[in-house]
Amino acid sequence: MLESRAAEILLRQDMTSYPQVMQAIGRIEQKYYSSSDNSTWKELDAVFHRSLLEATDNFFLLKAWENSVNIWYSINMLRAVNHGGGNFATKFFGDHRHIYELLLAKDRSVLHEI
């Protein structure tokens, strides 16, 4: 998966923060705490995953993601709605925050979380 490749690249970098990813998490967090309207979760998911690709500064990886994103999101959002169970917003927020925290910790288990 392209996001896993992005995570591999990010883990090799000497960076201690990822501003693009942090900004995406901030938007998700703001949505989570200020509204129960799920109409923009797909958009926020795309913002988060795009931020991972952008943080790599790898033009070709980003373009590959852009070319396939609509297909992946259709499949993933359908799966999340049909099999997510519980509170979708809580799981969405927790999962994305966890990925960011693993990146910050340089924890290679992030490769299996994405």
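Residues numbered from 1 in each chain as written. Predicted model: local features only at pLDDT ≥ 70, side-chain atom pairs only at ≥ 80, totals over all residues. Heavy atoms only, no water.

Peer 1: Sorry if this is basic, but what is going on with the side chain of Ser51 here?
Peer 2: Take Ser51: it is sitting in helix 3 (residues 41–55). The class of Ser51 is buried, set by a relative accessible area of 3%. In contact with Ser51, not counting residues within four places along its chain, are Gln20, Val21 and Ala24. (Helix = DSSP H or I, 4+ residues; strand = E, 2+ residues; numbered from the N terminus. Buried < 20%, exposed > 50% of the residue type's maximum accessible area, 1.4 Å probe, protein only. Contact = heavy atoms within 4.5 Å.)

Peer 1: Mind showing me how you'd approach unusual backbone geometry here?
Peer 2: Of all residues except glycine, most have a negative phi; of all peptide bonds, most are trans. The phi angle at Asp57 is positive, at roughly 60 degrees, despite the residue not being glycine. Inspection of the secondary structure puts Asp57 in the loop between helix 3 and helix 4 (59–83). Despite not being glycine, Lys106 shows a phi value in the positive range, around 55 degrees. The exposure class of Lys106 is partly exposed, given its relative accessible area of 29%.

Peer 1: Which parts of the structure should I look at to understand the packing of helix 2 (residues 19–34) against helix 5 (residues 88–104)?
Peer 2: The relative placement of two packed helices is expressed as an angle between their axes plus a distance between the axes. Put simply, helix 2 and helix 5 touch, their axes get as near as 10 Å, and they point 160 degrees apart. With respect to helix 5, the element helix 2 is oriented roughly antiparallel. Crossing hand, helix 2 versus helix 5: left-handed. For the pair helix 2 and helix 5, contact is made by Val21, Met22, Ile25, Ile28, Glu29, Tyr32 and Tyr33 and by Ala89, Thr90, Phe92, Phe93, His96, Arg97 and Tyr100, respectively. In terms of residue class, the contact of helix 2 with helix 5 is built from 10 nonpolar, 2 polar and 2 charged. (Axes fitted to C-alpha atoms, helices over the stretch in contact; angles between N-to-C directions. Parallel < 35°, antiparallel > 145°, perpendicular 65-115°, else oblique. Left-handed = near helix turned anticlockwise from the far one by under 90°. Nonpolar A, V, L, I, M, F, W, Y, C, P; charged D, E, K, R; others polar.)

Peer 1: What is the right way to read the side chain of Glu3 from this model?
Peer 2: Along the chain, Glu3 turns up in helix 1 (residues 2–12). Despite its burial, Glu3 remains without a salt bridge, the nearest opposite charge being carried by Arg50 at 10 Å. Engagement of the side chain of Glu3 in a polar contact is seen with the side chain of His49, the distance being 3.2 Å. Not counting chain neighbours up to four residues away, the residues in contact with Glu3 comprise His49, Leu52, Leu53, Trp65 and Ile114. (Lys, Arg positive; Asp, Glu negative; His and termini not counted. Salt bridge = Lys/Arg side-chain N within 4 Å of Asp/Glu carboxyl O. Polar contact = N/O pair within 3.5 Å; in protein donor to acceptor, adjacent residues only side chain to side chain.)

Peer 1: Help me understand the packing of helix 1 against helix 3, please; the structure alone is not making it clear to me.
Peer 2: Closest axis-to-axis distance for the helix 1/helix 3 pair is 8 Å, and the angle between their directions is 45 degrees. Judged on the interaxial angle alone, helix 3 and helix 1 are oblique. Pair helix 1 / helix 3 crosses with left-handed handedness. Residues Leu2, Glu3, Ala6 and Leu10 of helix 1 form the contact with helix 3, whose participating residues are His49, Leu52, Leu53 and Ala55. Among the residues forming the contact of helix 1 with helix 3, the class breakdown is 6 nonpolar, 1 polar and 1 charged.

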